[in-house]
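Coordinate inspection notes
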Amino acid sequence: MMLEVEGLDAWYGENRALYEISFGLDAGHIRTLLGANGAGKTTALRALCGMVRTGGDIRLDGKRISGWATEDIVRLGVAHVPEGRGTFVRLTVEENLQLGAMTRHGRAEIAADIERVYAQFPRLKERRQQQAGTLSGGEQQMLAVGRALMLRPRLLLLDEPSFGLAPLIVEELFAILRRVSEETRVAMLIVEQNAALALDLAEHAYVLETGRIVLDGPAAEIGADEGVRRSYLGY
Amino acid sequence: MDLLLTQVFAGLATGGIYACMALAVVMIYQAIDHLNFAQGEMAMFSTFIAWQLIQWGIPYWFAFLLAAAVSFVGGIVIERVLFKPLHNASILANLVGFIALFSILNSGAGYIWNYTIKTFPTPFGHTNLFGGLIDTHEAGMIGVTAALLFFLYAFFRFTRLGLAMRAAAANPESARLVGIRVGWMTALGWAMAAAVGAVAGMMIAPVVFLEPNMMLGVLLYGFAGAVLGGLTSPLGAVVGGFLVGIIENLAGTFVPYFGRELKLSLALILIVAVLMFKPSGIFGRSVVSRV
């Protein structure tokens, strides 16, 4: 597997947030981490990027990356759309996209990729010289995804991409994610509160509860089990 | 009228120096959220290095560039050795760090080069231009600081490294997530601030003369410029610096009793006034933090 996580622990100071969770992901596949608020979903993504103190084993293409600095993990092709989108609000839309490709070389290729993002998100092209902070929530989420794609990632981590967006915008965004996954073979790990949406997009789901994985199976099965839905997913 | 114009030009010349000091202060403030009280002493030390090089017979402009380059490296060393370890420390711990740096540089310069006042050469000479409106050294100061400020603007606006530095200062966590080495961007900010300060020091030294305390007043005006323009805005710092230079010269000439002796208190009055009535400065934005 491309991403292998074995017995991952995470701490915020003295507080333990994850208890030996294990999961994996392959290129071209989409998996999702579900669970209630505070279950440890965001922490799991942050742990993969070296943004919290961790124990256990994280391997990317067999290379152990646990304990690495965030910047170095990003250089292996791990793009993270964080909680709150991480927009550089004082910079323009185009500068935000350029920042996504900061670790890459080749001016022409980067410029072509910016055009590709614009083709996917025409609204961003209209606003390319605008300060990113003036964008609507939906546009900022598109910008965050666009910025992540500028890395040409092998692994894309998305933290609640649907948060705060109108249903129509969410539908559009998820359709684009599906298309990107098929076209680029990027592996995606999606954290979502909106379980129905995520189960529809992903093939495989993990359900977290208070820092432990309590369920693990094909998305269709987990979505179909009414007991699971009621007790863990809340719909 | 002529007196007014002369004072405005003189104000632009010293204002350029204040603008550079203000910009150096803001660059470090943006990166680490602390005011570098030792910025003036760093500039003073750089100027002594340039003076020493010139004493050794190195031509002025070589000494100028060499001193700026040494300051650039010195800025990185100061950040790595002193302030990187203080990264997560309290404001007071950082303040003590700045005071330490201030004392080390001030006393160090006094120890190495002693406290007697020295003249510092100017490559522009002191000939009157435009019928006495401005002298060549003042014109040179304006030219050099304008060129430096333009170069910095172009660097931050048009290069990838400049963009990375802006991103790292604005949002360190997001910057790391796009692979920017934020720690090194901070070090680079220190390096550039040190070099900018060095240029300011070398340009003002022929006017205020070279001695370990030469930059005290200059830095105070620089702070006033930074506060006036807004500590969150590099452009504001530059505009503020020029404004302070002009205000200082006009007040010193036209306000009775102000004269040379009271001019320095003007900087303090300005700082207090701005902080009372518009704390974010002319160009700054007020910082809202969620608690």
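Residues numbered from 1 in each chain as written. Chains lettered and ligands numbered in written order. Predicted model: local features only at pLDDT ≥ 70, side-chain atom pairs only at ≥ 80, totals over all residues.

**With respect to the overall build of chain A**
Helix and strand counts for chain A stand at 10 helices and 10 strands. A compact globule built from 235 residues should have a C-alpha radius of gyration of about 18 Å, and chain A, at 17 Å, falls within 12% of that. Dimensions of chain A, computed from the C-alpha atoms along their principal axes, are close to 45 × 35 × 30 Å. Across the 235 residues of chain A, 44% fall into the buried class. Here the analysis covers contacts within chain A between residues at least 6 apart in sequence; of these, 66% occur between residues at least 24 apart. (Helix = DSSP H or I, 4+ residues; strand = E, 2+ residues; numbered from the N terminus. Rg over C-alpha atoms; globule rule 2.2 N^0.38 Å. Buried ≥ 20, exposed ≤ 12 C-beta atoms within 10 Å, placed from the backbone. Contact = placed C-beta atoms within 7 Å.)

**Here we look at the packing of helix α1 (residues 2-32) of chain B against helix α9 (residues 215-229) of chain B**
All names here are of chain B. In the contact formed by α1 and α9, the axes pass within 8 Å of each other and the chain directions differ by 70°. One way to sum up the angle between α1 and α9 is to call them roughly perpendicular. As for how α1 packs across α9, the hand of that crossing is right-handed. From α1, I17, Y18, A19, M21, A22, V25 and V26 reach across to α9, where they touch V218, L219, Y221, G222, F223, G225, A226 and G229. (Axes fitted to C-alpha atoms, helices over the stretch in contact; angles between N-to-C directions. Parallel < 35°, antiparallel > 145°, perpendicular 65-115°, else oblique. Left-handed = near helix turned anticlockwise from the far one by under 90°.)

**A closer look at helix α8 (residues 182-208) of chain B**
All names here are of chain B. Over its 27 residues, α8 extends 37 Å from the first C-alpha to the last, a length consistent with the 39 Å expected when each residue adds 1.5 Å. Bending of α8 peaks at approximately 25° at the position of M202, with proline P206 no more than four residues after it. With respect to burial, α8 is a largely interior element, 21 of its 27 residues being buried. Of the residues flanking the end of α8, it is F209, one or two places downstream, whose phi is positive at about 70°. (Expected span 1.5 Å × (residues − 1). Bend = angle between axes of the 7 residues up to and from the residue.)

**Remarks on the pairing of strand β4 (residues 53-60) of chain A**
Residue and element names in this part refer to chain A. For strand β1 (residues 3-12) and β4, the ladder comprises 7 bridges, and the chain directions are antiparallel. Its bridge partner lying in β4, A10 is registered against T54. For β4 and strand β5 (residues 63-64), the ladder comprises 2 bridges, and the chain directions are antiparallel. Among the inter-strand pairings, R59 is bridged to a residue of β5, identified as R64. (Pairing = 2+ DSSP bridges.)

**Quick notes on the interface of chain B and chain A**
Taken together, the contacts link 15 residues of chain B with 17 residues of chain A. Of all the secondary structure elements, the ones that give two or more residues to the side of chain B that touches chain A are α6 (160-170) and α7 (172-177) of chain B. Partitioned by chemical class, the residues of the side of chain B that touches chain A number 7 nonpolar, 3 polar and 5 charged. (Nonpolar A, V, L, I, M, F, W, Y, C, P; charged D, E, K, R; others polar.)

**Description of the pairing of strand β9 (residues 204-209) of chain A**
All names here are of chain A. Taken across its 6 residues, β9 has 5 buried, putting it largely inside the fold. Note: strand β3 (residues 30-34) against β9, 4 bridges, orientation parallel. Each bridged residue has a counterpart across the sheet, and for R31 the counterpart in β9 is H204. Pairing analysis gives 6 bridges linking β9 to strand β10 (residues 212-218), with the strands arranged antiparallel. In the strand pairing of β10, V207 is matched with L215.

**Side note on unusual backbone geometry**
All names here are of chain A. The phi torsion at R152 lies on the positive side, around 55°, for a residue other than glycine. Relative to the assigned elements, R152 resides in the loop between α6 (137-149) and β7 (155-159). Here R152 falls in the partly exposed class, since 17 other C-beta atoms lie within 10 Å of it. One non-glycine residue with positive phi stands out, namely E160, at about 50°. Structurally, the position occupied by E160 is in the loop between β7 and α7 (167-184).

**Quick look at the environment of E138 of chain B**
Residue and element names in this part refer to chain B. Looking at the secondary structure, you find E138 in helix α5 (residues 136-158). On the basis of neighbour count, E138 is assigned to the buried category, with 24 C-beta atoms found within 10 Å. Separated by 126 residues in the primary sequence, E138 and L12 place their C-alpha atoms 8.4 Å from one another. Beyond its immediate chain neighbours, meaning those up to four positions away, E138 contacts F9, A10 and A13.

**So, the sheet that holds β1 of chain A**
Sheet strands associate in pairs through backbone hydrogen bonding, adopting either a parallel or an antiparallel arrangement. All names here are of chain A. Spatially, β2-β1-β4-β5 is the arrangement adopted by the 4 strands of the open sheet, whose pairing is antiparallel. In this open sheet, the two strands that pair with only one neighbour each are β2 (15-25) and β5. Helix-sheet contacts for helix α1 (residues 41-48) involve β1, β2 and β4, and the interaxial angle to β2 is about 70°.

**As for the sheet that holds β7 of chain A**
All names here are of chain A. The strand order across the open sheet formed by 6 strands is β6-β7-β8-β3-β9-β10, and the pairing between neighbours is mixed. Looking at which strands have only one partner, the edges of the open sheet turn out to be β6 (78-81) and β10. Averaged over all adjacent pairs, the angle separating strand axes in this sheet is 15°, with direction ignored. Against the sheet, α1 contacts β3, β6, β7, β8 (187-191) and β9, and its axis sits at roughly 150° relative to β7.

**Details of helix α3 (residues 60-83) of chain B**
Residues and elements named next belong to chain B. If you check α3, its first and last C-alpha atoms are 32 Å apart, about what 24 residues at 1.5 Å a residue would give, namely 34 Å. Along α3, the residues that are buried comprise A63, F64, A67, A68, S71, G74, G75, I78, E79 and F83. Against α1, α2 (39-55), α4 (91-113) and α8 lie the buried residues of α3.

**Structural notes on the nonpolar core**
By size, the foremost hydrophobic cluster in this structure holds 161 residues, and its most contacted members are L157 of chain A together with C20, M21, A22, L23, V196 and V199 of chain B. Excluding anything up to four places from it in sequence, V199 of chain B contacts C20, A68, V144 and L148 of chain B. (Core = buried A, V, L, I, M, F, W, Y, C linked by C-beta atoms within 7 Å.)

**Here's the deal with the confidence of the model for chain B**
Mean pLDDT over chain B works out to 89, with 96% of the residues at or above the 70 mark. Interface predicted TM-score (ipTM) for the complex: 0.91; the corresponding pTM is 0.89. (pLDDT = per-residue confidence, 0-100.)

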